[in-house]
Amino acid sequence: MAESSAQGRIPGSKRAVLAGIGDDCAVLRLLPGQEFLVTTDFSLEGIHFRRDWHPPESVGRRCLTRGLSDIAAMGGRPVAAFLSLAVPKDVPQSWVRRFSRSLIRLAEKFGVTLAGGDTAESPGGILADIIVVGTVPNGKSVLRSGARLGDRIFVSGKLGGSAATVLRMKNPSKKKLNPRDYRRHFYPEPRVELGRILREKRFASAMIDTSDGLSTDLAHLCEESGVGAELDAALIPRASVGKPAREVDLDVALHGGEDYELLFTSPPGKRIPAQIAGVALTHIGDISRPPKIFLRDARGIARELKPKGWEHFQR
């Protein structure tokens, strides 16, 4: 998400802040020919992860993935990250080292420098705040506000895998899950390369990542663009999880978050490949007149789709 601040209201700063609250990143123009993308996200113990469920390597990767996915959703190139980490006294240094190694490994994969941050003692629970800075050529950021009537709606990958994993972990009758068998939740892959190509090829008129779930994130995109949408339930790509693997329920695919896939719209004249950068792309619906979003079932009956973003560990 774009960081909320008073920066856009400081006299003389408006030229630098091209887009603020309302998109996945703030957009700054600080160097000739380049806009800077800035995003910040919290990872909070008990909300985004649990120490008894998530190994430190998973927490570190998921922490940075949140920021990288926001940069990807703007079509940008991530450059630097800043981490502020607060841990209670009872957390061993080995946990912090494993968390940090995993985060740094992912950063290096995408050419991102961990450029600073802060550490502190927390009175209760682990708190990690990640700031990621990226770049994009002037005027080329893919915003949420670019969708137009008649555009087609696409999503990358498959949906619901992360939320379905959480449901399994919350089931007391299930034994502890092996993170290697549920990688889309424990070790997600931010779609940085895909986002860049979608921007460079001008395939995407508007874009957002599915961190909050398809129904909620599509609602955000439609609100910013001033449009509505119609989805086909049969076209929603549903993830398969577990051993043996089973396809997730439609509701989980529609509302489950933290898949970090890219949801984007494309003008009707654009021919979108079935796959880009090794990631499948699925046409799931079309942009329509505002203000509502409808889901059409197998019988052709359309019902309004209300945003019900997934709240993973809310008490």
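Over the atoms, a rolled probe matching the size of one water molecule traces out where space is still vacant. Evaluated as defined, the whole model comprises 1 cavity of 30 Å³ or more. A volume near 50 Å³ is recorded for the largest cavity. Surrounding the largest cavity, Ser-43, His-48, Phe-49, Val-59, Arg-62, Cys-63, Arg-66, Glu-258 and Tyr-260 form its lining. It is helix H1 (residues 56–73) that contributes the most residues to the lining of the largest cavity, 4 residues altogether.

Okay, the nonpolar core next. Nonpolar side chains in soluble globular proteins tend to be buried together. Counting 45 residues, the largest nonpolar core has Leu-64, Phe-99 and Leu-198 as the members making the most contacts within it. Considering each element in turn, this core owes the most residues, 7 residues, to H1. Judged by nonpolar contacts, the second largest core, of 36 residues, contains Tyr-187, Ala-206, Ala-219 and Ile-293.

A few words now on unusual backbone geometry. Note the cis peptide between Lys-243 and Pro-244, where omega equals 0 degrees. Locating Pro-244 in the fold gives a position in the loop between strand E10 (240–241) and strand E11 (246–247). Backbone geometry at Arg-202 places phi at a positive 60 degrees, although glycine is not the residue there. Tracing the sequence through the fold places Arg-202 in the loop between helix H5 (192–200) and strand E8 (206–209). A positive phi angle is found at Tyr-260, which is not glycine, with a value near 55 degrees. The buried category is assigned to Tyr-260, whose relative accessible area is 1%.

The next point concerns the packing of H1 against helix H2 (residues 93–109). Direction vectors running N to C along H1 and H2 enclose 40 degrees, while the axes themselves pass 7 Å from each other. By the angle between their axes, H1 is oblique relative to H2. Between H1 and H2 lies a crossing whose hand is right-handed. Of the residues in H2, those touching H1 at Pro-56, Glu-57, Val-59, Gly-60, Arg-61, Cys-63, Leu-64, Thr-65 and Leu-68 are Trp-95, Arg-98, Phe-99, Ser-102, Leu-103, Arg-105, Leu-106, Ala-107 and Lys-109. Partitioned by chemical class, the residues of the contact of H1 with H2 number 10 nonpolar, 3 polar and 5 charged.

Attention shifts here to the pairing of strand E12 (residues 262–266). Counting buried positions along E12 gives 5 out of 5 residues, so the element sits mostly inside the fold. Side-chain alternation along E12 places Leu-262, Phe-264 and Ser-266 on one buried face and Leu-263 and Thr-265 on a second face that is also buried. With 4 bridges joining them, strand E7 (residues 152–156) and E12 adopt antiparallel strand pairing. Residue pairing for E12: Ile-153 is matched across the bridge by Thr-265. Across 4 bridges, E8 lies against E12 in antiparallel orientation. Across the sheet, the residue bridging to Met-207 is Phe-264, located in E12.

Summed over all chains, the structure comprises 20 salt bridges. Ionic pairing is found between Arg-66 and Glu-258, a salt bridge with its closest N-O pair at 3.4 Å. Of this pair, Arg-66 sits in helix H1 while Glu-258 sits in the loop between helix H7 (250–255) and E12; the two residues are 192 residues apart in sequence, bridging distant segments of the chain. For Arg-66, a relative accessible area of 14% translates into the label buried. Connected through shared salt-bridge partners, Asp-41, Arg-62, Arg-66 and Glu-258 make up one network.

Looking at where Lys-176 falls in the secondary structure, it is placed in the loop between helix H3 (161–170) and helix H4 (183–186). Since its relative accessible area comes to 64%, Lys-176 is described here as exposed. Residues Lys-176 and Val-279 lie 103 residues apart in sequence; the distance between their C-alpha atoms is 29 Å. Those residues in contact with Lys-176 that lie beyond four places of it in its chain are Asp-52 and Trp-53. One polar contact links the side chain of Lys-176 to the main-chain carbonyl oxygen of Asp-52, over a distance of 3.2 Å.

Moving on, we come to the pairing of strand E5 (residues 113–121). One ladder, built from 8 bridges, connects strand E4 (residues 77–87) with E5; its direction is parallel. By the bridge assignment, Ser-84 is partnered in E5 with Asp-118. Between the parallel pair E4 and E5, the chain is carried across by H2, and the sense of this crossover is right-handed.

The next point concerns H1. The end-to-end C-alpha separation of H1 is 26 Å, in line with the 26 Å expected for 18 residues at 1.5 Å each. At Arg-66, H1 shows its largest bend, some 25 degrees. Counting buried residues in H1 gives 18 out of 18 residues, a clear majority hidden from the surface. At the C-terminal side of H1, Gly-75 shows a positive phi close to 75 degrees.

About the criteria used
Residues numbered from 1 in each chain as written. Predicted model: local features only at pLDDT ≥ 70, side-chain atom pairs only at ≥ 80, totals over all residues. Heavy atoms only, no water. 1 Å grid on protein atoms, 1.4 Å probe; cavity = no way out; pocket = protein on both sides within 12 Å on 5 of 7 lines; lining within 4 Å. Points joined across faces, edges and corners; volume = space filled by probe spheres on them. Helix = DSSP H or I, 4+ residues; strand = E, 2+ residues; numbered from the N terminus. Core = buried A, V, L, I, M, F, W, Y, C linked by side-chain atoms within 4.5 Å. Buried < 20%, exposed > 50% of the residue type's maximum accessible area, 1.4 Å probe, protein only. Axes fitted to C-alpha atoms, helices over the stretch in contact; angles between N-to-C directions. Parallel < 35°, antiparallel > 145°, perpendicular 65-115°, else oblique. Left-handed = near helix turned anticlockwise from the far one by under 90°. Contact = heavy atoms within 4.5 Å. Nonpolar A, V, L, I, M, F, W, Y, C, P; charged D, E, K, R; others polar. Pairing = 2+ DSSP bridges. Salt bridge = Lys/Arg side-chain N within 4 Å of Asp/Glu carboxyl O. Polar contact = N/O pair within 3.5 Å; in protein donor to acceptor, adjacent residues only side chain to side chain. Right-handed = clockwise from strand over helix to strand, strands pointing away. Expected span 1.5 Å × (residues − 1). Bend = angle between axes of the 7 residues up to and from the residue.

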